[in-house]
Amino acid sequence: MLDFPSGKSKKWECCSVGALAQRAITPVEDDRPDTSGLEPAGAADPTQDDQSKGFHKDLSLLPKPLSAADLLSTPNDGSRVRVAYQGLPGAYSEAAALKRYPKCETVPCDDFEAAFKAVELWLVDKAVLPIENSVGGSIHRNYDLLLRHRLHIVGEVQLQVNHCLLVLPGTRQEDLKRVLSHPQALAQCEMTLMKLGVIRVSAEDTAGAAQIVASNNLRDTGAVASSRAAEIYGLNILAEKIQDDDDNITRFLILAREPIIPGTDRPYKTSIVFTLEEGPGMLFKALAVFALRGINLTKIESRPQRKRPLRVVDDSNKGSAKYFDYLFYIDFEASMAEPRAQHALGHLQEFAGFLRVLGCYPSDGIQ
Ligand SMILES: O=C(O)C(=O)C[C@]1(C(=O)O)C=C[C@@H](O)C=C1
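About the thresholds
- Residues numbered from 1 in each chain as written.
- Predicted model: local features only at pLDDT ≥ 70, side-chain atom pairs only at ≥ 80, totals over all residues.
- Heavy atoms only, no water.
- UniProt positions renumbered as here; feature names shortened; annotations may be inferred.
- Buried < 20%, exposed > 50% of the residue type's maximum accessible area, 1.4 Å probe, protein only.
- Helix = DSSP H or I, 4+ residues; strand = E, 2+ residues; numbered from the N terminus.
- Polar contact = N/O pair within 3.5 Å; in protein donor to acceptor, adjacent residues only side chain to side chain.
- Salt bridge = Lys/Arg side-chain N within 4 Å of Asp/Glu carboxyl O.
- Near = heavy atom within 4 Å.
- Areas by Shrake-Rupley, 256 points an atom, 1.4 Å probe, with all protein chains shown as cover.
- Nonpolar A, V, L, I, M, F, W, Y, C, P; charged D, E, K, R; others polar.
- Domains from an automatic or database assignment.
- Core = buried A, V, L, I, M, F, W, Y, C linked by side-chain atoms within 4.5 Å.
- Contact = heavy atoms within 4.5 Å.
- Pairing = 2+ DSSP bridges.
- Axes fitted to C-alpha atoms, helices over the stretch in contact; angles between N-to-C directions.
- Phe/Tyr/Trp six-rings, centres within 6.5 Å; stacked < 30°, edge-to-face > 60°.
- Lys NZ or Arg CZ within 6 Å of the ring centre and 35° of its normal.

- Going by what an unreviewed UniProt entry lists, the protein is known as Arogenate dehydratase and is assigned to Punica granatum.
- The Function (unreviewed entry) field of the UniProt record for the protein holds the comment "Converts the prephenate produced from the shikimate-chorismate pathway into phenylalanine."
- As its UniProt record puts it under Pathway (unreviewed entry), the protein is described as follows: "Amino-acid biosynthesis; L-phenylalanine biosynthesis; L-phenylalanine from L-arogenate: step 1/1."

Structural data, given as structure tokens:
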């Protein structure tokens with residue numbers, strides 16, 4: 001069994017919540033203008049007017065108060081947004097964050113829990129969460145995470161994932177004994193890896209796999225990761241687009257502390273989770289509340305919860321262990337600003353044991 005060191009190189013220290021907190025509270029470089037050449041207020045000149053004593057001599061040095069115009073002009077490119085993701089720089093989750101917020105500051109986290117906590121603790125503004133892939137299907141454990149936290153889905157990113165086979169400079173295909181990557185990535189490249197006849201080894205994320213190959217100088221090991229990871233960790237791209245299906249799309253959710261105000265100015269999606277009492281036709285009834293109002297469903301997922309009580313944070317925000325037979329997740333194509341969506345949920349609420357709106361957000365097409 002390949003024994004990979006679990007540590008990460010110093011260069012890309014993943015943020016745990018503690019590290020994030022330190023970064024968040026460490027005073028930033030004092031970026032106020034240098035006033036050392038100016039006399040301290042009210043000290044040197046005895047004839048100085050009392051009014052100015054104790055006040056800055058030159059008000060133009062003071063920061064200007066924010067105006068509504070400043071806030072309105074906040075660029076939608078995320079230039080002042082900090083986005084947490086699970087993995088190391090070069091991970092596809094980071095690419096998803098940059099696709100949605102091209103100028104954001106991406107913050108790598110050890111795991112999804114740390115990314116969620118970073119948002120809850122105001123250390124970052126958003127978190128990115130892979131939720132499903134066109135080949136691998138739903139990432140179930142991340143659905144459960146949504147329920148355990150009180151974050152809101154405020155956006156989605158559909159990312160075309162092109163996997164590359166990365167190796168140390170000089171390593172040839174015939175040298176490879178094993179390939180390292182995130183389980184989802186290994187699954188998406190099943191055919192290619194079977195043809196290579198290599199041993200598949202799971203890693204925490206694709207970029208982390210590339211970093212392990214590079215930092216441990218593994219000449220007989222490849223990594224399935226992005227071309228950006230090849231640049232960051234100094235690896236060669238032995239093969240590109242090695243995924244089994246050309247259209248290998250991973251859908252990511254953008255999570256925030258506060259929901260967005262849904263509009264009707266563009267296509268919206270709404271994601272909900274609910275439970276139903278046992279009984280014939282209950283699911284049919286639940287789906288009918290949407291069909292009868294001409295609302296299209298884009299996703300339905302059921303999660304058995306027979307043995308594992310789920311501590312859900314409901315609207316009372318108290319949260320308690322509840323036992324469900326099944327949780328049903330539905331994404332539908334309508335905005336909560338539309339009466340038909342409001343009426344559909346009001347109708348569903350009449351017979352749902354538990355119902356929570358996970359978020360209403362603009363749909364993302366594949367660009
Ligand atoms: O490891 C990464 O690079 C990730 O972004 C994670 C992840 C995933 O969890 O599914 C995301 C997209 C790809 O499908 C492969 C892996």
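## Observations regarding helix H8 (residues 206–215)
In step 1: Of all ten residues in H8, eight are buried, a share of seventy percent or more.
In step 2: Among all positions of H8, only Thr206, Ala207, Gly208, Ala209, Ala210, Gln211, Ile212 and Val213 are buried.
In step 3: Regarding H8, its N-cap is Asp205, as a side-chain oxygen of that residue lies 3.1 Å from the backbone nitrogen of Ala207 further along.

## Digging into the pattern of salt bridges
In step 1: Enumeration over the complete set of coordinates arrives at 18 salt bridges.
In step 2: Asp265 serves as the salt-bridge partner of Arg266, at 3.0 Å between the closest nitrogen and oxygen.
In step 3: Judged by relative accessible area, Arg266 falls into the partly exposed class, the value being 46%.
In step 4: The class for Asp265 is exposed, based on a relative accessible area of 54%.
In step 5: The partner of Glu338 in a salt bridge is Arg340, and the shortest N-O contact between them spans 2.6 Å.
In step 6: Assessed through its relative accessible area of 29%, Arg340 is described here as partly exposed.
In step 7: Residues joined by salt bridges that share partners form a network here, namely Glu132, Glu156, Arg251, Lys269, Lys299, Glu301 and Asp331.

## Remarks on the site of the ligand
In step 1: The immediate surroundings of the ligand are formed by Ala91, Tyr92, Ser93, Pro130, Ile139, His182, Gln184, Gln188, Asp205, Thr206, Thr250 and Phe252.
In step 2: Residue Tyr92 places a main-chain N or O atom 2.9 Å away from an oxygen atom belonging to the ligand.
In step 3: When the free accessible area of the ligand is taken as 360 Å², the share hidden by the protein chains comes to 100%.
In step 4: Here the shell around the ligand is built from residues that sort into five nonpolar, six polar and one charged.
In step 5: Counting contributing residues, the shell around the ligand receives three or more from each of domain 1 (65–160 + 248–258) and domain 2 (163–239).

## Structural notes on the nonpolar core
In step 1: Core analysis: the largest hydrophobic core is formed by 37 residues, its most contacted members being Val128, Leu166, Ala210 and Tyr233.
In step 2: Broken down by secondary-structure element, the contributors of at least two residues to this core are strand S1 (82–86), helix H3 (92–100), strand S5 (152–160), strand S6 (164–167), H8, strand S9 (221–225), helix H9 (227–233) and strand S11 (249–256).
In step 3: In terms of residues, this core owes the most to one element, H8, which gives five residues.
In step 4: If near-sequence neighbours (up to four positions away) are discounted, Ala210 is found in contact with Leu166, Ala223, Ala225, Ala229, Tyr233 and Leu235.
In step 5: Membership of the second largest hydrophobic core comes to 28 residues, among which are Ala115, Leu123, Leu145 and Tyr329.

## Some remarks on the sheet that holds strand S10 (residues 236–239)
In step 1: Here five strands make up an open sheet; going across it, the order is S8-S7-S9-S6-S10 and the pairing mixed. The open sheet is flanked by strand S8 (199–202) and S10, the only strands paired with a single partner. Direction aside, neighbouring strands of the sheet carry axes that sit 35° apart on average.
In step 2: As defined by bridge partners, S6 adjoins S10 across three bridges and the pair is classed as antiparallel. Paired with Val167 across the two strands is Asn236, which belongs to S10.
In step 3: Against the sheet, H8 contacts S6, strand S7 (178–181) and S9, and its axis sits at roughly 155° relative to S9.

## What to know about the packing of aromatic side chains
In step 1: In this structure the tally under the stated criterion is four aromatic pairs.
In step 2: Taking the centre distance of 6.3 Å and the plane angle of 25° together, the rings of Tyr326 and Phe328 count as stacked.
In step 3: For Tyr326, a relative accessible area of 30% puts it in the partly exposed group.
In step 4: Three or more aromatic residues joined by ring pairs make a cluster, and in this case those are Phe274, Tyr326 and Phe328.
In step 5: The ring of Phe351 carries Lys285 above its face, with NZ or CZ at 4.5 Å from the centroid.

## Some remarks on the side chain of Lys299
In step 1: In this structure, Lys299 sits in strand S13 (residues 297–304).
In step 2: Here the side chain of Lys299 touches Glu132 through a polar contact of 3.0 Å, side chain to side chain.
In step 3: The residues touching Lys299, leaving out its near neighbours within four places in the chain, are Glu132, Ser138, Tyr143, Tyr329, Ile330 and Asp331.

## A closer look at the environment of Asn142
In step 1: For Asn142, the position within the fold is in helix H5 (residues 140–148).
In step 2: Overall, Asn142 belongs to the buried group, its relative accessible area being 1%.
In step 3: A sequence separation of 137 residues divides Asn142 from Gly279, and the C-alpha atoms of the two residues are 28 Å apart.
In step 4: For Asn142, the residues in contact, after removing those within four places along its chain, are Phe112, Leu129, Pro130 and Ile131.

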